[in-house]
Every structure is written in C-alpha cells, then in structure tokens.
Amino acid sequence: MKKNLLLFGLLSVLIWSCGKDDAPPPPKNNAPTIEVATYTVIESISVDFIIGTVTEDDKDEDALSFEITTNSNDLFEIGKTTGVLSLKAGKQLNFSEAQLHKVTVTVTDGEDEASAEFTINVNNFNIAGPVIDNQAFEVLEDITPSEVIDVVVATDADGDALEFSISINDGDLFVINNAGELSVAEGKELDFKTSTEHTIEVMVTDGVEEATAEVQISVLNKIEGPGEDPNSFVTTWDILPSSPKLTIGKNLNYAYDFQIDWGDGTVEHITTDAPIQDIEHGICFGRYV
C-alpha cells in the first residue's frame, strides 16, 4: 500500500513540472532593414519603366510589405510585395521643372518596420536641340534701354526652357533676356547718322544643345521737324535787297494744315488761309501734314 502511494506522488510531480507555463518564450522578432539608393532616369520614361527595386533584408524571412510614405509631387508608386519603384499612371517627369525627386519608402514585416529616403535624378532627353532662324527688326534711333526692340523667336521640340545670350555684339550696344527680349544696353544709344544698321549673333541653348542666328537691327531716323522729313519739299528764293519780303500765296477756297521750316531753327505750323509773309528768311521748307 505504501509503494502505490509513492508511485502516485512521483507521477504528480512529473505532470506538474511539464505544464505549459514552463514552455520556452518565442524567439524575438527581428526588424527588417532597407538599403538607401539613388536612381537616375531620363525624363521621357513611361509608367512601365522600372526605376529601381528597393533592396531589403529580414533575418526572419518574414513576408514584407512596401509603401511610399513621402512622395515627391505624388509622382511615384511601389509594388506592395515586390518593392519595384515606378511612375504612377498618368504622371511624367520634366527636367525643366525638377532635376531630382526624393521619396521615402517604408517596409514592414507586420510587427516592425524600417524606412529610407531614395533620390531619383532626372536627366534631360533631347529629341532635338533648339531651333533659331535669322531675324531682322526695325527701331527708331531714340529708343531707350527700358524699351524692348523686339522678341527674338526660338523653338525647342522638347518644350525645354531656353536661355538666350548675345555671342557677337556690335559695339556692346544690345542685351537680351531669357524671354528673348532684345533691348539697347544701359548707357548706350542708337544714332541714325552714325550707323543705320547693326548685326549681332544670338545664341540659344536648352541646357544641352545650342544654336545661333544672325539678327539685324535697322535704325530708323527720328524726324525732328519738316526739314528731315523725306516727304518735305525744298524751295529756294532770291530776295532782292530793294524788296526784302517773301509772300507765299494760298487759295482762299482751301483749308491748310502744314509746317514751314525756315532753315534757321524757326518752324511755323500754318492752319490759316491768309498769305504767308516773311522778310527775314531766304530759304524755306514746306511739309503738308
């Protein structure tokens, strides 16, 4: 009888020591890691183009899930299980607007996560370089530096932003901005009597390729009084000392509106129908207005 009780006691101790509360703890989860990378693409890539595949590591070999948590202009997407980075549908890159983008990718194993910032560099892709033709403009000699002579026109098949400069500048007389607006340089002026035409060379670039063209600027005379007007006529009169008076008759049936430049700096604007008399001037210029 005592032997049986002892056996029963030993069995109870064995059962109690093997209870679930004494099971070893589960292994600690290892957080995944993610490798930072920089990718370079041309601006013309399509939505099917693989920009890059995010490199990750998980010691537990858990199934991982990818997500973009910071997205530059909402341009990009990533495969949830593949880590493949690409453009979103309906999106495109533009070198003229931005040469690089940054996105933050987060990877998780369901318990822990890791994040990294990725840089995407955008390179210009030229279908063709800029195109500029020879051009010619006319401008009055009294134009000021604050005024625009005209706009030099250039085109680019890619729609790239263009930059203008003057590669050959006649007497450094001119300047041009990136809108192609051509002007007289500060401190400079045009003079019809000195030169009636200037030829310059304008260069335009899209940042990759460049082109040049010849631009001619014709300077027009600023008419100052009827004596400089090519539509004026000149008459010469002999005034006798015995009768030092000149009379220009007019028809009283007509209305008159013209100017007379007497040649000595005196200019008269005539609107009356009365005869014109003068006893001081021996030469006159007339222009009908």
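Note that this is a predicted model, so its numbers are computed, not measured.

Overview of the overall build of the protein chain
Right, on to step 1. On a plain count of helices and strands, the protein chain comes out with 1 helix and 24 strands.
Right, on to step 2. Within the protein chain, buried positions represent 33% of all 289 residues.
Right, on to step 3. Excluding contacts between residues fewer than 6 apart, the proportion of contacts in the protein chain whose partners are at least 24 apart in sequence is 60%.
Right, on to step 4. Looking at the protein chain as shown, the accessible area adds up to about 18400 Å², and 52% of this sits on carbon and sulfur atoms.

Some points on a nonpolar patch on the surface
Right, on to step 1. A surface patch of nonpolar side chains, amounting to about 290 Å² of accessible area, comprises Ile42, Phe125 and Ile127.
Right, on to step 2. By the secondary structure assignment, isoleucine 42 is in strand E2 (residues 38-42).
Right, on to step 3. Taking relative accessible area as the criterion, isoleucine 42 reaches 35% and is therefore assigned partly exposed.

Brief notes about the pairing of strand E7 (residues 84-87)
Right, on to step 1. Pairing between strand E3 (residues 52-53) and E7: 2 bridges, direction antiparallel. Note that in E7 the partner of glycine 52 across the bridge is leucine 85.
Right, on to step 2. Pairing geometry for strand E6 (residues 76-78) and E7, over 3 bridges, is antiparallel. Paired with glutamate 77 across the bridge in E7 is serine 86.
Right, on to step 3. Counting the residues in the hairpin turn of E6 and E7 gives 5 residues, including glycine 83, whose phi is positive at 75°.

A closer look at the packing of aromatic side chains
Right, on to step 1. This structure, assessed with the given rule, holds 1 aromatic pair.
Right, on to step 2. Judged by centre distance (6.1 Å) and plane angle (0°), the rings of tyrosine 39 and phenylalanine 118 are stacked. Here tyrosine 39, found in strand E2, pairs with phenylalanine 118, found in strand E9 (residues 113-123); they are 79 residues apart in sequence, far enough to count as distant.

Brief notes about the pattern of salt bridges
Pairing is possible between side chains of opposite charge, provided their charged atoms come close.
Right, on to step 1. Enumeration according to the criterion identifies 1 salt bridge in this entry.
Right, on to step 2. Note that lysine 88 and aspartate 74 form a salt bridge whose closest N and O atoms lie 2.7 Å from each other. With lysine 88 in the loop between E7 and strand E8 (100-108) and aspartate 74 in the loop between strand E5 (65-70) and E6, the pair connects residues that are 14 residues apart, well separated along the chain.

Re the confidence of the model for the protein chain
Right, on to step 1. Here the protein chain averages 83 in pLDDT, and 80% of its residues register 70 or above.
Right, on to step 2. The low-confidence segment residues 5-16, where pLDDT is below 50, has 0 contacts with residues more than four positions distant or belonging to other chains.
Right, on to step 3. Taken together, the stretch residues 279-289 has pLDDT below 50 and engages in 43 contacts with residues farther than four places along the chain or on a different chain.

What about the nonpolar core?
Right, on to step 1. In this structure, Phe76, Leu85 and Phe118 are the most contacted members of the largest nonpolar core, which totals 24 residues.
Right, on to step 2. Among the secondary structure elements, those contributing two or more residues to this core are E2, E5, E6, E7, E8 and E9.
Right, on to step 3. At 5 residues, E9 tops the list of elements feeding residues into this core.
Right, on to step 4. If near-sequence neighbours (up to four positions away) are discounted, phenylalanine 118 is found in contact with Ile34, Glu35, Val36, Ala37, Tyr39, Val54, His101, Lys102, Val103 and Val105.
Right, on to step 5. Formed by 23 residues, the second largest nonpolar core is a distinct cluster that contains Val139, Phe164, Val202 and Ile217.

Regarding the sheet that holds strand E14 (residues 163-168)
Right, on to step 1. Reading across the sheet, the 4 strands line up as E11-E18-E17-E14 and stay open at both edges, with mixed pairing between neighbours. The sheet terminates laterally at strand E11 (135-140) and E14, the two strands that pair on one side only. Strand after strand, the sheet turns through a mean of 35° between neighbouring axes, direction not considered.
Right, on to step 2. Relative to strand E17 (residues 197-205), E14 runs antiparallel, the two sharing 5 bridges. Bridged to glutamate 163 within E17 is threonine 205.

Overview of the pairing of strand E18 (residues 210-220)
Right, on to step 1. By the alternation rule, side chains of E18 split into Ala211, Ala213, Val215, Ile217 and Val219, which are all buried, and Glu210, Thr212, Glu214, Gln216, Ser218 and Leu220, of which none is buried.
Right, on to step 2. The pairing of E11 with E18 spans 6 bridges and is classified as parallel. Within E18, the residue paired with leucine 140 across the bridge is leucine 220.
Right, on to step 3. Alignment of E17 against E18, held across 9 bridges, turns out to be antiparallel. Residue threonine 205 lies in a different strand from E18, and its bridge partner there is glutamate 210.

Cut-off values and rules
- Residues numbered from 1 in each chain as written.
- Predicted model: local features only at pLDDT ≥ 70, side-chain atom pairs only at ≥ 80, totals over all residues.
- Heavy atoms only, no water.
- Helix = DSSP H or I, 4+ residues; strand = E, 2+ residues; numbered from the N terminus.
- Buried < 20%, exposed > 50% of the residue type's maximum accessible area, 1.4 Å probe, protein only.
- Contact = heavy atoms within 4.5 Å.
- Areas by Shrake-Rupley, 256 points an atom, 1.4 Å probe, with all protein chains shown as cover.
- Patch = residues over 30% accessible without salt bridge, like charges linked within 9 Å, V, L, I, M, F, W, Y side chains within 5 Å.
- Salt bridge = Lys/Arg side-chain N within 4 Å of Asp/Glu carboxyl O.
- Pairing = 2+ DSSP bridges.
- Phe/Tyr/Trp six-rings, centres within 6.5 Å; stacked < 30°, edge-to-face > 60°.
- pLDDT = per-residue confidence, 0-100.
- Core = buried A, V, L, I, M, F, W, Y, C linked by side-chain atoms within 4.5 Å.
- Axes fitted to C-alpha atoms, helices over the stretch in contact; angles between N-to-C directions.

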